[in-house]
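A look at the structure
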Amino acid sequence: VTITTRLLVSHLSGIRHYEKDLAKVKEEKEKANRALRLMKPHQDKEQKEGKGIEKTESVRPRKEQDGETKSRNSKPGRRDKEFEQEEYYLKEKFESVIESLKIFKNDPLFFKPGSQFLYSTYGFTLLSAVVERASGQKFTDYMLKMFRDLDMLSTVLDDNEAMIYNRARCYVYNKKGRLVNAPYVDNSYKWAGGGFLSSVGDLLKFGNALLYSYQAGHVKSSTGKLLPGYLKAGTVAMMWTPVPKTEVSWDRDGKYAMAWAVVEKKQECGCCRKQRHYTSHTGGAVGASSVLLILPEELHPQAVVAPPRGVIVTIVCNMQSVSLNSTALKIAREFDKEKQAQ
């Protein structure tokens, strides 16, 4: 078979996630689909009665990036089956991403590449190996240079041995529902899928850099000639374009794109629910949860503005299995309403 980088970045490669048993993955998907079918009649009834339903986080308990919370019923203290997988708790230190491929390189693909969607952290491990070979640099060196270019000076490798200023302690709930320290893990096997430490400030810089790149190529500036974006506008637009056959667990209105979940602008009828264009990604690991959400301002092509224009929300918490996308979206909408009212 042929696996392209586009298939990897959109989780269509067929490479497994943490669960090695394909039968269990299919069973979980079927359970999720049944739950969705059961909920739909109730949702349709409420919509007909005029009750506003905010479709944000999906009820599908699908496998997601490094422990992302899958359902609106997820709460701190509720044990997530995702974190019962042994490979979350690896303690082996890998010297390179090429070396870490041995974890899954001999495992069979779950399906023909391009035919189905399955979120895979290991797909991103393979993607990081591609970056390493194409750039001629260690993947970690390549990423740290990029973070420096973006002025993200607090974003570093989650290296257990290094002394990292202001590194937070991480927490989980045990079987009795008590808060305890997160167990020791070594994330060198998945730098690309969950191996960096960052801060709210740095993630905002990252979001602004992407939003600037997205808008700079399409608007006129009131301050004269704009500096170029870190990425080309067309590149970001491509990254934020939904890919067929994909899905998103944390928002049923969304599709997966290229390393981002995207909800497109949509309104089917007058006076009906209006769907705004936004992009986001949740994240989680042993003892931590996060989200970065970008709600671009809708700009007229001839508007004279200075990008970036929109709302960016990021939340980082040192607790495992916390559902954050819905909260981030509510915050973004409130700030957006305030801006429109001015």
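Residues numbered from 1 in each chain as written. Predicted model: local features only at pLDDT ≥ 70, side-chain atom pairs only at ≥ 80, totals over all residues. Heavy atoms only, no water.

Taking an unreviewed UniProt entry as the reference, the chain is identified by name as LACTB protein belonging to Furnarius figulus.

A few points about the overall build of the chain
Spelled out, the test is: Starting at the N terminus, helices and strands are each numbered in turn, a helix being any DSSP run of H or I of at least four residues and a strand any DSSP run of E of at least two. Here the term buried applies to any residue with accessible area under 20% of the maximum for its type, exposed to any over 50%, and partly exposed to those in between, with areas from a 1.4 Å probe on protein chains only. Methods summary: accessible areas were calculated by the Shrake-Rupley approach with a probe of 1.4 Å, and residue burial reflects only the protein chains presented.
Broken down by element type, the chain carries nine helices and nine strands. Within the chain, buried positions represent 46% of all 342 residues. Total accessible area on the chain stands at roughly 18300 Å², and carbon and sulfur atoms take up 53% of it.

A word on helix α9 (residues 325-341)
The line we're drawing: Multiplying one less than the number of residues by 1.5 Å gives the expected span of a helix. The directions considered for the arc run from the helix axis to the C-beta atoms.
With 17 residues, α9 should cover 24 Å at 1.5 Å per step; its first-to-last C-alpha distance of 24 Å lies within 8% of that length. Looking only at α9, the buried set comprises N325, S326, A328, L329, A332 and D336. Take α9 and look down its axis: the buried residues cluster within an arc of 155 degrees, on one side only. Opposite the buried face of α9, at more than 90 degrees from it, the exposed residues are F335, K337, E338 and A341.

Let's talk about the pattern of salt bridges
Think of it this way: side chains of opposite charge can pair up when their charged atoms draw near. Keep this limit in mind: One side-chain nitrogen of Lys or Arg within 4 Å of one carboxyl oxygen of Asp or Glu is enough to make a salt bridge.
Counting across every chain of the model gives 16 salt bridges. Across the salt bridge formed by E87 and K20, the nearest N and O atoms sit 3.7 Å from each other. Of this pair, E87 sits in the loop between α2 (22-48) and α3 (97-100) while K20 sits in the loop between α1 (5-9) and α2, placing them 67 residues apart in sequence. In this structure E87 comes out as buried when scored by relative accessible area, which is 10%. Put simply, R167 and D158 hold a salt bridge, and the shortest N to O gap is 3.2 Å. For D158, a relative accessible area of 17% gives the class buried.

A word on the sheet that holds strand β7 (residues 278-285)
This is how the line gets drawn: When DSSP locates at least two bridges between a pair of strands, those strands are taken to pair. Contact between two residues is taken to exist if any of their heavy atoms lie within 4.5 Å; hydrogens are not considered. Note on method: axes are straight lines fitted to C-alpha atoms, helices fitted across the in-contact stretch only, with angles between N-to-C directions ranging 0 to 180 degrees.
Pairing in this open sheet of five strands is antiparallel, and the strands run β5-β6-β7-β8-β9 from one edge to the other. With one partner strand each, in any of the chains shown, β5 (255-256) and β9 (310-317) form the two edges of the open sheet. Running over the sheet, helix α7 (residues 200-216) touches β8 (288-296) and β9 and is turned about 150 degrees from β9. Packed on one face of the sheet, α9 meets β7, β8 and β9 and runs near 150 degrees to β9.

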